[in-house]
Amino acid sequence: MSTIPHWIDGARTTGVSSRTSDVFNPATGSVAAQVVLAEQADVDLAVSSSLKAAQSWSESSLSTRSRILFAYRHLLHTHRDELAAIITSEHGKVLSDAAGEVQRGLEVVEFACGIPQLLKGEHSEQVSRGVDAYSFRQPLGVVAGITPFNFPVMVPMWMFPIAIACGNTFVLKPSERDPSASLRLAELFQEAGLPDGVLNVLQGDAFAVNALLDHADVAAASFVGSTPIARHVYSRGTAAGKRVQALGGAKNHMVVLPDADLDVAADAAVSAGYGSAGERCMAISVVVAVGETGDELVSKIASRTRELHPSVLPGTDPAAQMGPLVTGVHRDRVRSYVDAGEAAGASLVVDGRDYAPEGHPDGFWLAPTLFDHVTRDMSIYTDEIFGPVLAVVRAETFEDALELVNANQYGNGTAIYTGDGLAAREYQRRVHVGMVGINVPIPVPMAYYSFGGWKDSLFGDTHVHGAEGVKFYTRAKAVTSRWPQQHGVNLGFPTHG
Ligand code: NAD
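The following paragraphs examine the structure supplied in this document. Model, not experiment: these values are computed from the prediction.

**Observations concerning the packing of aromatic side chains**
In this description, a pair of aromatic rings is defined by centroid distance and the angle of the planes.
Okay, so step 1: Taken as a whole and judged by the stated rule, the model has 11 aromatic pairs.
Okay, so step 2: Ring geometry for Trp158 against Phe451: centres 4.3 Å apart, planes inclined by 35°, an arrangement best described as tilted. One end of the pair, Trp158, is in helix H6 (residues 154-165); the other, Phe451, is in the loop between strand S20 (435-438) and strand S21 (454-455), and 293 residues separate them in sequence. Of the two residues examined, Trp158 and Phe451, each falls in the buried class.

**Topic: unusual backbone geometry**
Okay, so step 1: In this structure, Asp9 takes a positive phi of about 60° despite not being glycine.
Okay, so step 2: Of note, Asp9 is situated in the loop between strand S2 (6-8) and strand S3 (11-13).
Okay, so step 3: A positive phi angle is found at Lys455, which is not glycine, with a value near 50°.
Okay, so step 4: Mapped onto the elements, Lys455 comes out in strand S21.
Okay, so step 5: What makes Lys455 partly exposed here is its relative accessible area of 29%.

**Observations concerning the sheet that holds strand S6 (residues 122-128)**
Okay, so step 1: Overall, antiparallel pairing links the three strands, which are arranged S6-S7-S23 in an open sheet. Each of the sheet's edge strands pairs with one partner strand only, and the pair in question is S6 and strand S23 (474-482). Direction aside, neighbouring strands of the sheet carry axes that sit 25° apart on average.
Okay, so step 2: Examined bridge by bridge, strand S7 (residues 131-139) and S23 share nine bridges and lie antiparallel to one another. Considered in S23, the bridge of Pro139 is made with Thr474.

**What to know about the environment of Val109**
Okay, so step 1: Position of Val109 relative to the elements: it lies in helix H4 (residues 95-113).
Okay, so step 2: According to the relative accessible area criterion, Val109 is buried, its value standing at 0%.
Okay, so step 3: Residues Val109 and His74 lie 35 residues apart in sequence; the distance between their C-alpha atoms is 9.9 Å.
Okay, so step 4: Residues within four places of Val109 in sequence aside, it is in contact with Leu69, Tyr72, Arg73, Leu76, Met157 and Pro161.

**Things to note about the site of the ligand**
Okay, so step 1: Neighbouring residues of the ligand: 28 residues in total, closest Lys173, Glu176, Arg177, Ser226 and Glu384.
Okay, so step 2: Interatomic distance of 3.0 Å between a backbone N/O atom of Phe149 and an oxygen atom of the ligand.
Okay, so step 3: Between an oxygen atom of the ligand and a main-chain N or O atom of Gly225, the distance comes to 3.3 Å.
Okay, so step 4: For the ligand, whose unbound accessible area comes to 840 Å², protein coverage reaches 88%.
Okay, so step 5: Elements supplying a minimum of two residues to the shell around the ligand: helix H8 (206-214), strand S11 (220-224) and helix H9 (227-239).
Okay, so step 6: Tallied by class, residues from the shell around the ligand come to 15 nonpolar, nine polar and four charged.

**Section: a nonpolar patch on the surface**
Okay, so step 1: A cluster of nonpolar side chains, Met446, Tyr448 and Tyr449, forms an exposed patch at the surface whose accessible area comes to about 360 Å².
Okay, so step 2: By the secondary structure assignment, Met446 is in the loop between S20 and S21.
Okay, so step 3: Classification of Met446 as partly exposed rests on a relative accessible area of 31%.

Calculation notes
Residues numbered from 1 in each chain as written. Predicted model: local features only at pLDDT ≥ 70, side-chain atom pairs only at ≥ 80, totals over all residues. Heavy atoms only, no water. Phe/Tyr/Trp six-rings, centres within 6.5 Å; stacked < 30°, edge-to-face > 60°. Helix = DSSP H or I, 4+ residues; strand = E, 2+ residues; numbered from the N terminus. Buried < 20%, exposed > 50% of the residue type's maximum accessible area, 1.4 Å probe, protein only. Pairing = 2+ DSSP bridges. Axes fitted to C-alpha atoms, helices over the stretch in contact; angles between N-to-C directions. Contact = heavy atoms within 4.5 Å. Near = heavy atom within 4 Å. Polar contact = N/O pair within 3.5 Å; in protein donor to acceptor, adjacent residues only side chain to side chain. Areas by Shrake-Rupley, 256 points an atom, 1.4 Å probe, with all protein chains shown as cover. Nonpolar A, V, L, I, M, F, W, Y, C, P; charged D, E, K, R; others polar. Patch = residues over 30% accessible without salt bridge, like charges linked within 9 Å, V, L, I, M, F, W, Y side chains within 5 Å. Salt bridge = Lys/Arg side-chain N within 4 Å of Asp/Glu carboxyl O.

This is the structure:
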């Protein structure tokens, strides 16, 4: 049985801890490896390595940083398929989806390559006679990143390329469920020329997270994961005086108005609901059928959902459209929501329980599942299920649909399907959600825009990546400068004459 180690100071190390956690192959259900789980001494080692590296890295020139990022971008591109295979082996998602995830991460590196432009400051000449004022942004020091299982490459890369480009050093604590990809990301960055200690990978669980949040030498933390943990990370990190951004869970609604093309809407609902087995923070989990659309829309979604079942296969199978769920524990949790929805009286239109592709009886399977006539009091509506379960809620009017979305605790993403530009504009303006798609089911912003939700989907002020990322990983300094030509004491407050 192989052991998945940390990456500290430019080398793999198993550290001092004897605690480990199982990492599965989700398609077979077997344990593929053990990942080490950090103890305090491992956390201290990673943070002290990053603190030491920060002294010289923060002094590195912008062109050096940019050059290393360009080289990293090239290596990521060259190793895209290898990284995708690592993701699929531990996460379960299909290979093409995993390659898409690498691509989205790579785009953040491309954005970070422009760091000399992104870090330009402001300068005002002659704010007073002989006086200039200017401002610029400087790195924070050691930044921690804590990431979820569902995007083991993309989500860490929302964070560390920008943090490092800004002159910080970074300790990444990836999900213990699919930890291998992070090691490869770190190795490739070293190959691109990144000095040792600038990016460390600390494997671990809640203990490592809390130790990083409490650590006096960690200046800031970026977190992405579920809402209860995001809330915890935000309050514990800020209580320790750190800058924290914590992105949480989601319940993304897709509103379908009566004038929408229902075939287009059904395609979108199925793609966004079941892609990556629903284990995406931008997955559509609720379809709001407005007015008369309900019966026809549900019938179109149902036929597409049933057609998908035979292509629920191991992610490495070229015919696979959807893979298994990440672990047996998670699959059982999702399954318990399907049981609860049925017991609560929702109509179970397509049942994905008790499915397993031929030859893989022990994988963590649950095929696409569709509920209709879901009401807002049912747990399949209120809770984030994070699996291939789509719930259709009926709404009489546009206003009813909008009120439903705005009353929900989450505000990560939403979509509206309509042929009416005015209705779309009204929705975009009035909806209390951070990312909106108009006839786009997964409105994921590009690397040069920022990504983040509202309400219980985000704790903190800044979204990740884009200009907001640069802002989060730096702090401003304003300088007032004069080169005096005359002497003389003046006790007055300057009047900028
Ligand atoms: P999770 O909250 O269980 O874990 C996230 C991270 O927190 C992991 O690194 C984990 O080790 C750590 N952690 C877990 N329990 C902890 C505890 N008690 N104390 C401290 N740290 C702890 O999330 P997950 O199951 O890995 O990922 C799925 C969740 O992430 C979903 O809720 C999904 O919506 C969310 N997500 C959100 C976004 C977004 O952009 N808002 C993006 C991706 C995923």
